[in-house]
Structure formats: C-alpha cells, structure tokens
Amino acid sequence: MKYDRIYNFSAGPSILPEEVLESVRDNLLNYEGSGMCVMEMSHRSKVFQKIIGEAEQDLRDLMNIPDNYKVLFIQGGATLQFAMIPMNLMKNGVACYVETGAWSKKAIAEAKKYGEVKVVASSKDKNYSYIPDCSNLDIPDNADYVYICENETIHGTTWQKLPDTKGKILVSDQSSMFLSRPCNVADYGLIYGGVQKNIGPAGMVIVIIREDLIRDPEELPAWVPTYCAFKTHSDNGSMYNTPNCWSIYVCGQVFKYLKKIGGLEVMDKMNIDKAKVMYDFLDQSKMFNGTVEKEFRSLMNIPFVTGDADLDAEVVAATKKAGFDNLKGHKSVGGLRASTYNAMPKEGVIALVEFLKKFEASYKK
Ligand SMILES: *Cc1c(COP(=O)(O)O)cnc(C)c1O
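Residues numbered from 1 in each chain as written. Predicted model: local features only at pLDDT ≥ 70, side-chain atom pairs only at ≥ 80, totals over all residues. Heavy atoms only, no water.

A. Highlighting the overall build of the protein. Helix and strand counts for the protein stand at nine helices and 14 strands. Each principal axis of the C-alpha atoms in the protein carries an extent, and together these give about 70 × 60 × 30 Å. Burial status across the protein gives 55% buried among its 365 residues. Contacts in the protein between residues at least 24 apart in sequence constitute 68% of all its contacts with a sequence separation of at least 6. (Helix = DSSP H or I, 4+ residues; strand = E, 2+ residues; numbered from the N terminus. Buried < 20%, exposed > 50% of the residue type's maximum accessible area, 1.4 Å probe, protein only. Contact = heavy atoms within 4.5 Å.)

B. Inspection of the nonpolar core at higher detail. Counting 55 residues, the largest nonpolar core has Met63, Leu179 and Ile206 as its most contacted members. For this core, the element with the most residues is helix H6 (residues 245-260), which contributes eight residues. Ala95, Ile108, Leu190 and Cys228 belong to the second-largest nonpolar core, a separate cluster that totals 33 residues. (Core = buried A, V, L, I, M, F, W, Y, C linked by side-chain atoms within 4.5 Å.)

C. Examining the confidence of the model for the protein more closely. Summing up the model confidence of the protein, the mean pLDDT is 97 and the portion of residues at 70 or higher is 99%. When mean pLDDT is compared element by element in the protein, strand E5 (residues 145-149) scores highest at 99, while strand E13 (residues 324-325) scores lowest at 94. (pLDDT = per-residue confidence, 0-100.)

D. Quick look at the environment of Ala317. For Ala317, the location among the structural elements is in helix H8 (residues 309-321). Considered as a pair, Ala317 and Lys328 are 11 residues apart in the sequence and their alpha carbons are 8.8 Å apart.

E. Quick peek at the pairing of strand E10 (residues 205-210). A large share of E10 lies buried, amounting to five of its six residues. Inspection of the sheet shows strand E2 (residues 69-74) paired to E10 by six bridges, in the antiparallel sense. Residue pairing for E10: Tyr69 is matched across the bridge by Arg210. Relative to E10, strand E9 (residues 190-194) runs antiparallel, the two being bridged by five bridges. Paired with Leu190 across the strands is Ile209, a residue of E10. (Pairing = 2+ DSSP bridges.)

F. Spotlight on the site of the ligand. Neighbouring residues of the ligand: Gly77, Ala78, Thr79, Phe82, Trp103, Cys149, Asn151, Thr153, Asp173, Ser175, Gln196 and Lys197. Contact distances for the ligand include 2.6 Å between a nitrogen atom and a side-chain N or O atom of Asp173. Here an oxygen atom of the ligand sits 2.6 Å away from a polar atom, N or O, in the side chain of Lys197. Contact with the protein chains hides 88% of the accessible area of the ligand, taken as 390 Å² for the molecule alone. In terms of residues, the shell around the ligand owes the most to one element, helix H3 (residues 77-89), which gives four residues. Looking at the shell around the ligand residue by residue, the class counts come to four nonpolar, six polar and two charged. (Near = heavy atom within 4 Å. Polar contact = N/O pair within 3.5 Å; in protein donor to acceptor, adjacent residues only side chain to side chain. Areas by Shrake-Rupley, 256 points an atom, 1.4 Å probe, with all protein chains shown as cover. Nonpolar A, V, L, I, M, F, W, Y, C, P; charged D, E, K, R; others polar.)

G. Local environment of the sheet that holds E10. Strand order in the open sheet made by the seven strands is E2-E10-E9-E8-E5-E3-E4, with mixed pairing throughout. Of all strands in the sheet, those with a lone pairing partner are E2 and strand E4 (116-122), marking the two edges. For this sheet, the mean angle separating the axes of adjacent strands, direction not counted, is 20°. With six bridges joining them, strand E3 (residues 94-99) and E4 adopt parallel strand pairing. The residue bridging Val94 from the neighbouring strand is Glu116, located in E4. In the packing of helix H4 (residues 102-111) onto the sheet, the strands contacted are E3, E4, E5 and strand E8 (169-173), and the crossing angle to E3 comes to about 160°. (Axes fitted to C-alpha atoms, helices over the stretch in contact; angles between N-to-C directions.)

H. Structural context of the pairing of E5. Taking burial as the measure, the five residues of E5 include five buried ones, the bulk of the element. Of the two faces of E5, the one carrying Tyr145, Tyr147 and Cys149 and the one carrying Val146 and Ile148 are both buried. Across two bridges, the pairing between E3 and E5 is parallel. Residue pairing across strands places Tyr97 opposite Tyr147, the latter belonging to E5. Where E5 lies against E8, five bridges are found, and the strand directions are parallel.

I. Quick peek at unusual backbone geometry. Backbone torsion omega between Gly12 and Pro13 reads -10°, so that peptide bond is classified as cis. Within the chain, Glu32 stands out as a residue other than glycine whose phi angle is a positive 40°. In the Ramachandran plot, Leu179 falls in the positive-phi region, its phi being about 65° despite a non-glycine side chain. Considering the arrangement of structural elements, one finds Leu179 in the loop between E8 and E9. By relative accessible area, which is 2% here, Leu179 ends up buried.

J. Region of interest: the side chain of Lys197. Its place among the elements puts Lys197 in the loop between E9 and E10. No salt bridge is formed by the buried Lys197. Its closest oppositely charged neighbour is Asp173, at 7.3 Å. (Lys, Arg positive; Asp, Glu negative; His and termini not counted. Salt bridge = Lys/Arg side-chain N within 4 Å of Asp/Glu carboxyl O.)

Encoded structure:
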C-alpha cells in the first residue's frame, strides 16, 4: 500500500482518510500562507476563527443540524460527558438509562454520582449481544432524560429504532458511529461523540445540544465546575479556554472530505456495503462466528470468535503478521474485532476476509 501503510482495524484512535492526512501534511509547516502550523497559532487568530467556523458550518451541513441546536467542541473526550450530562440535564435528579454494553455501563456508573439512575432496559442477560425492546419503557414522570449508547463499540451492537422516550429528552452517545449514516438531529435533545473513533484526532468531543436544554450556571448546583456547564461553552463559541485546535482543524478537514464524496447518504451506502463483506463471510464460515444477533449488528465494530481462546490468539497474531493491525477483541467479549469505520476502504475488508478464508482452509488440513 501507499506509504507502506497497513490496514488498521483499531476501535480508536483509528484510521483517517488518506486524502485528509495528505492535505494536513501539505499544510503542516505553513498553513494557507499564514507562515505557521495550525498547532502554533493563536486560537483567537483570524486564521483559526475561519477554521473553527467552517468546521461547525460543514458539520451543520452534513447533519442538517437545525438552527435551535448548538454545536460545541469540548475537551475531556466522551468520558467527561458521562458526568457533564447528568450535571447539566438533571433538574429533578432522576434519569433513565438503557444498559447495552460497556460504554452505557460506564455512563450509568458515573451518572449515579449525581442523581438517581433508573436502568429501564438491559441486554446484560446475553452478554450485551442485542438491543432490548424499548417500545414501552417504564419511564417515571419526573425523569429528566432517557440515555442510550447508540453504537456499543466493544460489544458491536447498534440501535435500529430509537426508544420510545414517552416525551422525555433523548440523549445519545454516538461516539463510534458519528457521521456514519444520516441522523435526524431533531429526534434528540443531545447527541455527542468522542471524535477519535470515526472523525479525527483524540482529545475532543462534539456535543450537539438543543438550545433550551442549556441552563444558566446559576441554576446548576454551585459545585459544578465552570468548565462543565454547557453554557460556558455555548456562550464562548467553544473558546472559553484554549480549545483542542489541532483536533478541530483535522475534524474540519474530514467534514470537507465527507461533503466532497457526497455526504452521509453516500457514506451510509459505503458502510453497509463494506460491513456486508465481513458479515457474509462470518455467516458462511465454519470457524468464525459473529457474536451479535443479526438485526442489531453494528456496521462500525464487528466482533467475532472461533470459540477457542487459543485459536483466537493465533488468528490475531497471524493477521498482524500479514499487515492487518488491531484485530484483538476487547477482553469482555474475547476473540477478534474488526472496526470498519468510515475511513476503512472496502478493499481493506476484502483483503482481511481473503486472509481469514485462507487461514480457515489451511487450518482444516
Ligand atoms: C471510546 C468511547 C467512549 C470514550 O471515549 P473517550 O473519548 O476516550 O473518553 C465513550 N463512548 C463510546 C461509545 C466509545 O466508543
């Protein structure tokens, strides 16, 4: 492959579009005639104001974000949102969470520090291999919001249909599926995603929040850190303090790239097509099995196992030797996991499947 790169199936930080990396490289020492690198410039400079302004507008275009939603670039990753969301959105101190895997579990544990958490549905009984039926949840009247993790990165499940929140605000962690398919923002009160899964360099989360949910700091408990109030970020255009300028810049380049290839409808088709190569293989293989119930399979994270931990380890080692990296599954699921994010080309998945087919054929002998 070009530049001796390999097929990187990492769950995050993960693969970025080559075209974007090339453009970043070409502009590294002198960004568009500014005489400096984006890493070196003031976040208050005109040049950077243009970078962040375009990044926000391009994201708004891609997702058709309605005018009454704010886009915030915040540090602390997706993990800080596990705390910021209850800190800001719990008015009555009660929230409903759906437990579908490792990341929703972490969000639940964190939210419990700030109020009462009601787990209204869970797929724990089958090691989080499906999304529970959420068409008639028991949601108390005083619940402040309903929380889901829309793509469980470790367990490899995706929601096909959003829960019936009975009129409550829906909050969604889209970290590992952000911009992988069209999304009707108006269905949500708040959407967020750590960018290092599907968008750009680590160290930033993008929060899309309906304006009326942003409360005045005076209404929040006095112990809420200034940085952790959404209003701090919305009032200051994500520049209350120095933002992650580099991540904003590279994410912005990825947004431009996505617009250029035709937007999220096109991306969705490509992702469906790509994941099908992998799932078709798993469905006919006698050696490898997918771990997720078919209708909830993620297009972004594909866990699979042989059923024998030693053999799994052997396959991981063999793939690494053959130029496919980061296929080891998370310890809670075991086996292997192929993350097939936006930037993974279909050829990468085809090459991996060819390799696994050969491995399986030679193993039987
Ligand atoms: C990776 C991940 C997180 C945590 O992201 P950080 O940016 O490392 O804090 C949260 N939720 C999901 C779904 C993830 O995949």
